[in-house]
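Fold and contact review
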Amino acid sequence: MKKNIYIKQQNHTKLYILPKDQIVFESNLKEHNIPFYSDQNIQPYTDTGIRYFVLDSDRYKIDQLLKDKEIIASTETIPSYDYRDQKKIGTISIIVVSIVIILTLIILYL
């Protein structure tokens with residue numbers, strides 16, 4: 001991967017992308033020829049997101065890309081959280097609890 005460290009020397013924006021969206025995000029940036037720099041190798045924790053530096057001049061393209069691909073991005077001042085994951089966990093929890101209740105009722109009445 002070509003290092004575009006010059007981006008840090010220009011007017012840039014820092015975006016944090018969740019690790020699960022990293023491949024989709026990077027492949028779309030490359031597909032649209034949008035230069036970016038990621039310092040993932042020196043970033044101590046990536047649980048809040050992988051830090052990307054992008055030029056301010058490409059912000060409109062990146063906003064469209066994020067909307068089209070439904071990628072959750074955050075900045076240093078505006079943290080975000082992917083609530084879709086919590087919805088999935090809640091649905092699975094309800095299903096498991098329902099199955100346990102049904103099995104308990106079946107065992108009690110046999």
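It should be noted that the structure appears before, not after, this text.
A brief structural summary. (Residues numbered from 1 in each chain as written. Predicted model: local features only at pLDDT ≥ 70, side-chain atom pairs only at ≥ 80, totals over all residues. Heavy atoms only, no water.)

Glancing now at the side chain of glutamine 22. Mapped onto the fold, glutamine 22 is located in helix α1 (residues 22-31). A residue is classified by how much of its surface remains accessible, and glutamine 22, at 17% relative accessible area, is buried. Sequence-distant contacts of glutamine 22, defined by excluding residues within four places in its chain, comprise Ile17, Gln40, Ile50 and Tyr52. (Helix = DSSP H or I, 4+ residues; strand = E, 2+ residues; numbered from the N terminus. Buried < 20%, exposed > 50% of the residue type's maximum accessible area, 1.4 Å probe, protein only. Contact = heavy atoms within 4.5 Å.)

Turning next to the packing of aromatic side chains. One pass over the full model with this rule turns up three aromatic pairs. Ring centres of tyrosine 37 and phenylalanine 53 lie 5.9 Å apart, and the angle between their planes is 35°; on these two criteria the pair is classed as tilted. Separated by 16 residues along the polypeptide, tyrosine 37 in strand β2 (residues 36-38) and phenylalanine 53 in strand β3 (residues 50-55) bring together distant segments of the chain. Under the relative-accessibility criterion, phenylalanine 53 is labelled buried at 3%. Through a chain of ring-to-ring contacts, the aromatic side chains of Phe25, Phe36 and Tyr52 assemble into a single cluster. (Phe/Tyr/Trp six-rings, centres within 6.5 Å; stacked < 30°, edge-to-face > 60°.)

Moving on to the environment of leucine 29. Mapping leucine 29 onto the fold places it in helix α1. Considered as a pair, leucine 29 and isoleucine 62 are 33 residues apart in the sequence and their alpha carbons are 7.9 Å apart. Not counting chain neighbours up to four residues away, the residues in contact with leucine 29 comprise Ile34, Phe36, Ile62 and Leu65.

On to the pairing of β3. For β3, the tally of buried residues reaches five of six residues, placing the bulk of the element in the interior. Judged from the six bridges that link them, strand β1 (residues 12-17) and β3 form a sheet pairing that is antiparallel. In the strand pairing of β3, histidine 12 is matched with leucine 55. Bridging between β2 and β3 involves three bridges; their strand directions are antiparallel. Note that in β3 the partner of serine 38 across the bridge is tyrosine 52. (Pairing = 2+ DSSP bridges.)

This paragraph deals with the side chain of aspartate 21. Relative to the helices and strands, aspartate 21 is located in the loop between β1 and α1. Overall, the relative accessible area of 11% leaves aspartate 21 in the buried class. Once you skip the residues sitting within four places of it in the chain, aspartate 21 turns out to touch Ile71 and Ile72.

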